[in-house]
Amino acid sequence: VVIKNTIFEKMRDKSLSIGEQSKLDIINCRFANSNYAIAVKDLSKVRIFGSSIYNNNFGIAVYRKKPIFGSGVVTVIGGLVWDNLRNFVPDENAKIVLDNTGLNKNIISNNIKKIKLRIGNINKEYKFDSNSNPIPVDKNKLSTSFLKGPITNGKDLNGNYLPNLSKYNIGM
């Protein structure tokens, strides 16, 4: 399954709940003002490209719900994750990979692999447009941490080419 260009906002429980060995690609989506932005469980694998996850109680939760399964796997590439009460909630067997992901502060967790994290003051660098999309305050003065995303290539789960995030600001 591939979800693209979608806004998930003000969900009472979970914006997305992925379970039972599902595979999902999330591309250029926004998750805001919900209880859980994304819950990944029971051996599911999720890749998140160029998306923004902010102002939720829980950003990304990864866990095992059913005893017959294991925990889930999440890879975040070129996204922004900030101002959630808890950005990441992994159980002891979860695997989270943050690749060129923008955060407002560093994180310490044995369950989170960090590749070229982009740490900075997201609230200073970004503002919200009339549709609540995070956009750079000034593209000409955007810090190098958030200026461009990583080079991405390959295809999504439906066989369509992924957007090259190096052509966009972090969080698209």
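## Considering the overall build of the protein
Summing up its helical and strand segments, the protein has one helix and 18 strands in all. The globule rule puts the C-alpha radius of gyration for 172 residues at 16 Å, and the 15 Å found for the protein is close to it. Along the first, second and third principal axes, the C-alpha set of the protein runs to 50 × 35 × 30 Å. Looking at the protein residue by residue over its 172 residues, the buried ones come to 49%. Total accessible area on the protein stands at roughly 8900 Å², and carbon and sulfur atoms take up 46% of it. If the 26 positive side-chain charges of the protein are averaged to one point and the 13 negative ones to another, these points end up 3 Å apart.

## A closer look at a positive patch on the surface
A cluster of basic side chains, namely Lys 23, Lys 45, Lys 95 and Lys 113, defines a positive patch on the protein surface. Looking at the element boundaries, Lys 23 is found in strand S4 (residues 23-27). A relative accessible area of 52% places Lys 23 in the exposed class.

## Focus: the sheet that holds strand S5 (residues 30-32)
Two pairing modes exist for strands in a sheet, parallel and antiparallel, and in both the strands are linked by backbone hydrogen bonds. In space, the six strands of this open sheet follow the order S2-S5-S8-S11-S14-S16, with parallel pairing throughout. Both edges of this open sheet fall to strand S2 (7-9) and strand S16 (118-119), since each of them pairs with a single strand only. Bridge count between strand S8 (residues 52-54) and strand S11 (residues 80-82): three bridges; the pairing is parallel. The partner of Tyr 54 across the bridge, within S11, is Trp 82.

## Quick look at the sheet that holds strand S15 (residues 112-115)
Taken together, the six strands give an open sheet; going across it, the order is S1-S4-S7-S10-S13-S15, and neighbouring strands pair in parallel fashion. Edge positions in the open sheet fall to strand S1 (2-4) and S15, since each of these has one partner strand only. Pairwise comparison of adjacent strand axes, ignoring direction, gives a mean angle of 10° for this sheet. Pairing between strand S13 (residues 95-99) and S15: four bridges, direction parallel. In the strand pairing of S15, Val 97 is matched with Lys 113.

## Topic: the environment of Val 1
Checked against the element boundaries, Val 1 lands in the segment before S1. Residues Val 1 and Asp 99, spaced 98 residues apart in sequence, show a C-alpha to C-alpha distance of 21 Å.

## Here we look at the side chain of Asp 42
With respect to the helices and strands, Asp 42 occurs in the loop between strand S6 (36-41) and strand S7 (45-49). Among buried charged residues, Asp 42 stands out as having no salt bridge; its nearest opposite-charge side chain is Lys 66, 5.4 Å away. Of note is the side chain of Asp 42, whose polar atom sits 3.0 Å from the backbone nitrogen of Lys 66.

## Observations concerning the packing of aromatic side chains
With the rule as written, the count across this model stands at three aromatic pairs. Between the aromatic rings of Phe 8 and Phe 31, the centroid separation amounts to 4.8 Å while the plane-to-plane angle is 0°, which identifies the pairing as stacked. With Phe 8 in strand S2 and Phe 31 in strand S5, this pair connects stretches of sequence that are 23 residues apart. Accessibility classification places Phe 8 together with Phe 31 in one group, the buried group. The ring of Tyr 36 has Lys 14 sitting right over it, with the charged end atom 5.3 Å from the ring centre.

## A look at the nonpolar core
Judged by nonpolar contacts, the single largest core of 26 residues is most densely connected at Ile 26, Phe 31, Ile 38 and Phe 88. Among the secondary structure elements, those contributing two or more residues to this core are strand S3 (14-18), S4, S6, S7, strand S9 (58-63), strand S10 (73-77) and S13. When residues in this core are grouped by element, the largest group, three residues, is from S6. When sequence neighbours within four positions are dropped, the list of residues in contact with Ile 38 reads Leu 16, Ile 18, Ile 26, Phe 31, Ile 48, Ile 53, Gly 59, Ile 60 and Ala 61.

Rules used in this analysis
- Residues numbered from 1 in each chain as written.
- Predicted model: local features only at pLDDT ≥ 70, side-chain atom pairs only at ≥ 80, totals over all residues.
- Heavy atoms only, no water.
- Helix = DSSP H or I, 4+ residues; strand = E, 2+ residues; numbered from the N terminus.
- Rg over C-alpha atoms; globule rule 2.2 N^0.38 Å.
- Buried < 20%, exposed > 50% of the residue type's maximum accessible area, 1.4 Å probe, protein only.
- Areas by Shrake-Rupley, 256 points an atom, 1.4 Å probe, with all protein chains shown as cover.
- Lys, Arg positive; Asp, Glu negative; His and termini not counted.
- Charge placed at Lys NZ, Arg CZ, Asp CG, Glu CD.
- Patch = residues over 30% accessible without salt bridge, like charges linked within 9 Å, V, L, I, M, F, W, Y side chains within 5 Å.
- Salt bridge = Lys/Arg side-chain N within 4 Å of Asp/Glu carboxyl O.
- Pairing = 2+ DSSP bridges.
- Axes fitted to C-alpha atoms, helices over the stretch in contact; angles between N-to-C directions.
- Polar contact = N/O pair within 3.5 Å; in protein donor to acceptor, adjacent residues only side chain to side chain.
- Phe/Tyr/Trp six-rings, centres within 6.5 Å; stacked < 30°, edge-to-face > 60°.
- Lys NZ or Arg CZ within 6 Å of the ring centre and 35° of its normal.
- Core = buried A, V, L, I, M, F, W, Y, C linked by side-chain atoms within 4.5 Å.
- Contact = heavy atoms within 4.5 Å.

Without other data, these values stay purely geometric and don't point to any function.
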